[in-house]
Amino acid sequence: QVQLVESGGGLVQPGGSLRLSCVASGFTLDYAIGWFRQAPGKEREGVSAISSRDGSTYYADSVQGRFTISRDNAKNTVYLQMNSLKPEDTAVYYCAADRRSFYLLNPNYDYWGQGTQVTVSS
């Protein structure tokens, strides 16, 4: 049974930074981990993901160059470092786990965390 818990959200000014954490329990080393977000009135979108097989990383065009995903297997934790934040980054951010190897920004994952709110003031 895979359990995911996100943390690190909060209020930040435009141009600021936040680091989100996703702590996983259960056997998750062979799972891909993705970060997704959902803003009010919008559908859930893929933000970033990391493959369990080769460590490949993926980013939405809207965050490319500003966000970085990383994985600490010893701590069973995946991070999303978010820099140069913009008001349009405001959303609830979710981490998710799946055993798939392809289309990792597709939101149809098997396991989900509870979400953490990120608010970038305008």
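Our structure's up above, just so we're on the same page.
Scope of this entry: the structure provided in the associated data block. Along each chain, residue indices are assigned from 1 in the same order as the chain's sequence is written. Where totals are concerned, whole chains, interfaces and linings use all residues; where local detail is concerned, this predicted model gives features only for residues with pLDDT of at least 70, and gives and counts side-chain atom pairs only at 80 or more. To get the side-chain values, all heavy atoms of the structure are used, and hydrogens and water are removed first.

### Concerning the side chain of Thr77
In this structure, Thr77 sits in strand β8 (residues 77-82). Note on exposure labels: buried denotes an accessible area under 20% of the residue type's maximum, exposed denotes more than 50%, and partly exposed covers the range between, all computed with a 1.4 Å probe on protein chains only. A residue is classified by how much of its surface remains accessible, and Thr77, at 6% relative accessible area, is buried. Within the structure, the side chain of Thr77 is placed 2.9 Å from the backbone oxygen of Lys75, a separation counted as a polar contact. Discounting chain neighbours no more than four positions away, the residues touching Thr77 are Ser21, Cys22, Val23, Ser70, Arg71 and Asp72. Secondary structure elements follow DSSP: runs of H or I of four or more residues count as helices, runs of E of two or more count as strands, with numbering from the N terminus. N or O atoms within 3.5 Å of each other form a polar contact, as long as, within protein, one can give a hydrogen and the other can take it, and as long as residues adjacent in sequence are counted only when both atoms are side-chain atoms. The contact criterion used is simple: two residues touch if any of their non-hydrogen atoms lie within 4.5 Å.

### Regarding the nonpolar core
For our purposes a nonpolar core is just a set of buried Ala, Val, Leu, Ile, Met, Phe, Trp, Tyr and Cys residues, chained together by side-chain atoms within 4.5 Å. The biggest cluster of nonpolar side chains holds 28 residues, and the ones touching the most others in it are Trp35, Phe67, Leu80, Met82 and Tyr93. Put simply, the parts of the chain that give this core at least two residues each are β3 (18-25), β4 (32-38), β5 (45-50), β7 (67-72), β8, β9 (91-98) and β11 (116-120). Once you skip the residues sitting within four places of it in the chain, Leu80 turns out to touch Leu18, Arg19, Leu20, Trp35, Val47, Ser48, Phe67, Thr68, Ile69 and Tyr93. Counting residues in hydrophobic clusters, the runner-up holds six residues, among them Ala32, Phe36, Ala49 and Ala96.

### A few points about empty space enclosed by the protein
Only protein atoms enter the calculation, which uses a 1 Å grid: trapped sets of points that fit a 1.4 Å probe without letting it out are cavities, open sets showing protein on both sides within 12 Å along at least five of seven lines are pockets, and any residue with an atom within 4 Å of a point is a lining residue. Grid points are joined across faces, edges and corners, and a volume is the space filled by probe spheres set on the points. One pass over the full model with this rule turns up one cavity of 30 Å³ or more. Considering only enclosed or pocket space, the largest cavity measures out at about 50 Å³ in volume. Along the wall of the largest cavity there are eleven residues; nearest its centre are Ala24, Arg71, Asn76, Thr77 and Val78.

### Re the state of the cysteines
By definition, a disulfide is the covalent link that joins the sulfur atoms of two cysteine residues. Two cysteine sulfurs form a disulfide in these notes if their separation is within 2.5 Å. For the structure on display, the rule yields one disulfide. Here Cys22 is linked by a disulfide to Cys95, with a sulfur-sulfur distance of 2.1 Å. On the sign convention where negative means left-handed, the S-S torsion of about 65° between Cys22 and Cys95 marks this disulfide as right-handed. Of the two residues, Cys22 is situated in strand β3 and Cys95 in strand β9; the sequence distance between them amounts to 73 residues. Accessibility expressed as a relative area gives 2% for Cys22, which makes it buried.

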